[in-house]
Amino acid sequence: MHLTIRQLQVFEATARLLSFRKAADELHLSQPAVSMQIKQLEENVGLPLFEKLGKQIYMTEAGREIYHYSRSIGQLLTEADEVINGLKGAYQGRLSISVASTANYFVPTLLGTFHKRFPGVTVTLDVTNRKALLEQLNQNQVDLVVMGQPPEGANLEAGAFMENPLVIVAPPTHALAKQSNIPLQRLEDEVFLTRERGSGTRDAIERFFTQHEVQISTGMEIASNEAIKQSVQAGLGLGLLSRDTLEMELALGKLVILDVEDFPIVRHWYVMHRKGKRLSTVAQAFKYFLLEEANKLLHDTHKD
Ligand code: PGA
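Residues numbered from 1 in each chain as written. Predicted model: local features only at pLDDT ≥ 70, side-chain atom pairs only at ≥ 80, totals over all residues. Heavy atoms only, no water.

Regarding its fold elements, the protein chain presents 10 helices and 11 strands. Taken over the C-alpha trace, the protein chain has a radius of gyration of 31 Å; the compact-globule value for 304 residues is 19 Å, which it surpasses by more than 25%. Each principal axis of the C-alpha atoms in the protein chain carries an extent, and together these give about 100 × 45 × 25 Å. Counting across all 304 residues of the protein chain, residues that qualify as buried make up 41%. The long-range fraction of contacts in the protein chain, counting pairs at least 24 apart against all pairs at least 6 apart in sequence, stands at 76%. Accessible area for the protein chain stands at about 16,900 Å²; split by element, carbon and sulfur atoms hold 50% of it. Averaging the coordinates of the 32 positive side-chain charges in the protein chain and doing the same for the 36 negative ones gives two points 7 Å apart. (Helix = DSSP H or I, 4+ residues; strand = E, 2+ residues; numbered from the N terminus. Rg over C-alpha atoms; globule rule 2.2 N^0.38 Å. Buried < 20%, exposed > 50% of the residue type's maximum accessible area, 1.4 Å probe, protein only. Contact = heavy atoms within 4.5 Å. Areas by Shrake-Rupley, 256 points an atom, 1.4 Å probe, with all protein chains shown as cover. Lys, Arg positive; Asp, Glu negative; His and termini not counted. Charge placed at Lys NZ, Arg CZ, Asp CG, Glu CD.)

Here it is, written out as structure tokens:
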């Protein structure tokens, strides 16, 4: 039998009311539409479901059987609807998250999608650097934090959800802009604009150059990705930034990524909270949303 839920719904109303007209009124359909659905259902079942005596319709034996099942199926569908609505209702309340300054370039896009899915959730978003985030986690001031690699030995539960490549940027007119495979040592002749102490980007870059025994000179220390980009464009030095902060400048051709050996430095974005913290339903939903969907959603958005 290849019957549809719609046919069963129309049949259930007709059988309960024993009238095509009344069923049509209840379902806001025309009477021929009801007759058509019943006719198709009878064809699918292979037996007549109603018989007509005078002006009155009656169920046949097959009709009574199908009526029994159509009521059960209808009830199950109502139940499923209630369970799902209950779950949606659970996704209400507050979500307090803090993100690294650099994650600020993509977290709002993700929050937009999450909010559409769970409009009942009120979000508080704080944007600060890695050092301050670790402090907030330590003091249990937020539900979730988004930042780079968690420090070793910290009492945190962390899940990586996306790559975070760090790159070197220059204005398109820079002498190195068109060169390929620039040796790391060549960077010692340049001046760099770096983030403030406490920034995860800066920590990662310092570790990288120490490991590779390259000494870079810092021209200015700037506590903002935006200000670094502006200063690089103004010719004050080269920038070391997450690729995630550069979408607009690269698209507009205002900055270029230098092709330096061993670059990009590949890091990851993590969502984390204190170990053993009891996450609210909403916080759990956001955590899983990041882990399961963030990467795909952001890549699809970038393609648009
Ligand atoms: P930040 O973030 O450089 O903006 O602090 C990146 C990170 O936590 O790694």
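From this point, the narrative continues.
So, about the site of the ligand. In the neighbourhood of the ligand, 13 residues make up the surrounding shell, with Thr102, Ser199, Gly200, Thr201 and Arg267 lying closest. Within the contact set of the ligand, an oxygen atom lies 3.4 Å away from a backbone nitrogen or oxygen of Ser101. The separation between an oxygen atom of the ligand and a polar main-chain atom of Gly200 is 3.0 Å. Within the complex, the protein chains bury 100% of what would otherwise be the 280 Å² of accessible surface of the ligand. A majority-of-atoms criterion places the ligand in the largest cavity. Taken together, the residues that form the shell around the ligand break down as three nonpolar, seven polar and three charged. Counting contributing residues, the shell around the ligand receives three or more from each of domain 2 (74–162 + 268–303) and domain 3 (163–267). (Near = heavy atom within 4 Å. Polar contact = N/O pair within 3.5 Å; in protein donor to acceptor, adjacent residues only side chain to side chain. 1 Å grid on protein atoms, 1.4 Å probe; cavity = no way out; pocket = protein on both sides within 12 Å on 5 of 7 lines; lining within 4 Å. Sits in = over half its atoms within 2 Å of the grid points. Nonpolar A, V, L, I, M, F, W, Y, C, P; charged D, E, K, R; others polar. Domains from an automatic or database assignment.)

Our next topic: empty space enclosed by the protein. Inspection of every chain in the model, using the stated rule, returns one cavity of 30 Å³ or more. Taken as a whole, the largest cavity encloses approximately 90 Å³ of empty space. Put simply, the parts of the chain that give the lining of the largest cavity at least two residues each are helix 7 (200–211) and strand 11 (265–274). Partitioned by chemical class, the residues of the lining of the largest cavity number three nonpolar, eight polar and three charged. (Points joined across faces, edges and corners; volume = space filled by probe spheres on them.)

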